[in-house]
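Chain residues, written in single-letter form:
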Amino acid sequence: MAFKEMSEAEVLLLLQKREPTLILSHVNPDADAVGSALALSMLLSAFGVPALCLFGSEVPKRLSFLTKAGGEPGDPAALPQEFENARAVAVDAASPAQLGELFGLFGDRIVLSLDHHGMNTPYAPGICRPAAAATGEIIYDLAAASGAELPPAAALCLYAAICGDTGSFKYSNTTPQTLLRAAALMEIGHFDVAELTGRLFGGKTRLQFRAEQAAGDRVHFFADGKVAITTFPYELKKELGVTEGELGTLVDIARPIEGVSVSAALRQPDAAPVFRASLRANDDVDVAAVCATFGGGGHRRAAGATIEAPDIETAEKMLLDAILKAL
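Keep in mind that what you see is a predicted model, and the values were worked out from it rather than measured. (Residues numbered from 1 in each chain as written. Predicted model: local features only at pLDDT ≥ 70, side-chain atom pairs only at ≥ 80, totals over all residues. Heavy atoms only, no water.)

(A) Region of the structure containing the pairing of strand E11 (residues 302–308). Note that strand E9 (residues 274–281) and E11 share 7 bridges and pair antiparallel. Note on E11: the bridge partner recorded for Ala277 is Ala305. Both strand E10 (residues 297–298) and E11 contribute to a ladder of 2 bridges, which runs antiparallel. Residue pairing in the sheet places Gly297 in a bridge with Gly304 of E11. A loop of 3 residues connects E10 with E11, the two strands running antiparallel in sequence. (Pairing = 2+ DSSP bridges. Helix = DSSP H or I, 4+ residues; strand = E, 2+ residues; numbered from the N terminus.)

Laid out in structure tokens, this is it:
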């Protein structure tokens with residue numbers, strides 16, 4: 001089914017309608033998901049529109065400084081009465097699967113999708129802008145086009161969104177326009193950039209360190225070292241007592257190793273035979289196309305998917321076969 005690509009003016013007309021609005025974003029939310037959703041909720045508040053953010057899973061502790069600045073997310077199972085029949089806007093979610101249980105609960109209410117993933121499965125009208133380094137850039141442009149005064153807390157959230165998805169402006173998706181938007185947000189927010197960057201990239205819990213240590217022994221190399229897959233089964237997760245939020249860096253363990261073109265992490269969130277794959281490419285390999293074979297997506301060099309398989313070994317083989325076809 002085709003969905004309309006909307007202009008900024010059309011999106012703003014929709015957002016400015018005085019209707020309570022749920023803002024939905026994906027499972028395992030990253031800085032772009034959290035920052036963009038919270039900033040959009042503050043922009044809607046500036047329009048006089050009640051808004052509440054919901055995420056597909058718990059916000060990681062390292063991003064709690066964003067929720068403290070922009071507002072705590074809601075509980076999908078206990079919505080305030082004002083939002084029980086509210087419309088929904090999806091942010092930074094490339095497909096219905098990325099929204100997890102939120103799509104089953106609120107999918108029929110989604111009136112707008114704002115996203116920047118090139119490999120996108122449309123499920124609502126809206127804006128998909130692959131040239132944007134982060135969905136935060138789209139929210140910034142909407143705020144600028146509206147003429148509304150962006151609160152400093154929203155500027156902080158949007159800067160974190162952009163900084164997170166560009167790897168602190170070192171990834172190839174960083175453009176001159178990205179840097180200009182980041183500079184404007186710094187002027188609005190007056191936040192400590194060094195402190196913010198440290199929160200996004202510098203700190204890790206002891207549990208996260210233990211998880212990375214254990215995962216280091218589970219890195220498997222294929223294709224003469226061009227492919228590295230790190231596996232993390234549920235049994236190991238349970239043994240260490242780690243949460244999903246502490247496993248977000250697994251894909252980066254093998255990524256810096258010489259000769260690795262594609263680094264992948266395959267983790268099992270719970271006892272169900274369902275596995276989450278995260279892929280990063282160091283070379284020009286389209287990992288979004290790899291993930292699309294499993295119903296996932298993302299960017300050419302950074303993508304994710306969910307794989308159903310009887311066990312993690314089978315899931316790893318399925319993922320490897322798809323990667324080898326892309327090399």
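(B) Representation of the packing of aromatic side chains within the structure. Following the criterion strictly, the structure yields 3 aromatic pairs and no others. Plain terms: the ring middles of Phe103 and Tyr123 are 6.0 Å apart, the flat faces sit at 90° to each other, and that makes the pair edge-to-face. With Phe103 in helix H4 (residues 101–106) and Tyr123 in the loop between strand E4 (110–115) and strand E5 (126–128), this residue pair connects regions lying 20 residues apart in the sequence. Plain terms: the ring middles of Tyr159 and Phe191 are 5.1 Å apart, the flat faces sit at 55° to each other, and that makes the pair tilted. With Tyr159 in helix H6 (residues 152–165) and Phe191 in the loop between helix H7 (176–189) and helix H8 (193–202), this residue pair connects regions lying 32 residues apart in the sequence. Phe191 matches Tyr159 in its accessibility class, with the two residues each being buried. One cation-aromatic arrangement involves Lys170 over Phe201; the distance from NZ or CZ to the ring centre is 5.6 Å. (Phe/Tyr/Trp six-rings, centres within 6.5 Å; stacked < 30°, edge-to-face > 60°. Buried < 20%, exposed > 50% of the residue type's maximum accessible area, 1.4 Å probe, protein only. Lys NZ or Arg CZ within 6 Å of the ring centre and 35° of its normal.)

(C) Seen up close, unusual backbone geometry. One non-glycine residue with positive phi stands out, namely Asp92, at about 60°. Among the secondary structure elements, Asp92 is positioned in the loop between strand E3 (87–91) and H4. Judged by its relative accessible area of 1%, Asp92 is buried. Positioned with a positive phi, Asp224 is a non-glycine residue whose angle comes to about 60°. Relative to the helices and strands, Asp224 is located in the loop between strand E6 (219–222) and strand E7 (227–232). Since its relative accessible area comes to 82%, Asp224 is described here as exposed.

(D) Representation of the nonpolar core in the model. Core analysis: the largest hydrophobic core is formed by 51 residues, its most contacted members being Leu15, Leu40 and Leu66. Those residues within four positions of Leu40 in sequence are excluded, and the remaining contacts are Leu15, Ile23, Val89, Val91, Leu114 and Ile139. By size, the runner-up hydrophobic cluster in this structure holds 24 residues, among which are Leu266, Val287, Ala288 and Leu320. (Core = buried A, V, L, I, M, F, W, Y, C linked by side-chain atoms within 4.5 Å. Contact = heavy atoms within 4.5 Å.)

(E) A look at the pairing of E4. Counted residue by residue, E4 has 5 buried out of 6 residues, so it is predominantly covered. With 4 bridges connecting them, E3 and E4 associate as parallel partners. Each residue of the ladder has a partner; that of Ala88, found in E4, is Ile110. Taken together, E3, H4 and E4 form a β-α-β motif whose crossover is right-handed. (Right-handed = clockwise from strand over helix to strand, strands pointing away.)

(F) Quick peek at the sheet that holds E6. Taken in spatial order, the 6 strands line up as E6-E7-E8-E9-E11-E10 in an open sheet, and their pairing is mixed. Edge strands, defined here as strands with exactly one partner in the open sheet, are E6 and E10. Packing against the sheet, helix H12 (residues 312–326) makes contact with E6, E7, strand E8 (262–267), E9 and E11, and its axis sits at approximately 160° to E7. (Axes fitted to C-alpha atoms, helices over the stretch in contact; angles between N-to-C directions.)

(G) Spotlight on the sheet that holds E3. Pairing within the open sheet is parallel, and its 5 strands lie in the order E2-E1-E3-E4-E5. Two strands close off the open sheet at either side, each with one partner strand: strand E2 (51–55) and E5. Taken pair by pair, the neighbouring strands of this sheet meet at an average axis angle of 20°, ignoring direction. In this structure, strand E1 (residues 21–25) lies alongside E3, joined through 4 bridges in parallel fashion. Residue pairing in the sheet places Leu24 in a bridge with Ala90 of E3.

(H) Layout of the layout of surface pockets. In this structure, the second largest pocket occupies an estimated 610 Å³ of space. Along the wall of the second largest pocket there are 28 residues; nearest its centre are Glu58, Val59, Pro60, Glu244 and Gly245. Secondary-structure elements contributing two or more residues to the lining of the second largest pocket are H4 and H8. No other element matches the 3 residues that H4 contributes to the lining of the second largest pocket. Of the residues belonging to the lining of the second largest pocket, the class tally is 9 nonpolar, 10 polar and 9 charged. (1 Å grid on protein atoms, 1.4 Å probe; cavity = no way out; pocket = protein on both sides within 12 Å on 5 of 7 lines; lining within 4 Å. Points joined across faces, edges and corners; volume = space filled by probe spheres on them. Nonpolar A, V, L, I, M, F, W, Y, C, P; charged D, E, K, R; others polar.)

(I) Fine view of H12. In this model, H12 (15 residues) spans 21 Å end to end at C-alpha, consistent with the 21 Å of a helix rising 1.5 Å per residue. Of all the residues in H12, the buried ones are Ile312, Ala315, Glu316, Leu319, Leu320, Ala322 and Ile323. End-on, the buried residues of H12 take up no more than an arc of 165°, which puts them together on one face. Along H12, the residues that are exposed and aim more than 90 degrees away from the buried face are Glu313, Lys317 and Lys325. In this structure, the buried residues of H12 make contact with E6, E7, E8, E9, helix H11 (287–292) and E11. For H12, the side-chain oxygen to backbone nitrogen distance between the N-cap and Glu313 is 3.3 Å, and the N-cap itself is Asp311. (Expected span 1.5 Å × (residues − 1). Arc of directions from axis to C-beta. Polar contact = N/O pair within 3.5 Å; in protein donor to acceptor, adjacent residues only side chain to side chain.)

Shape descriptors only; they carry no functional weight alone.
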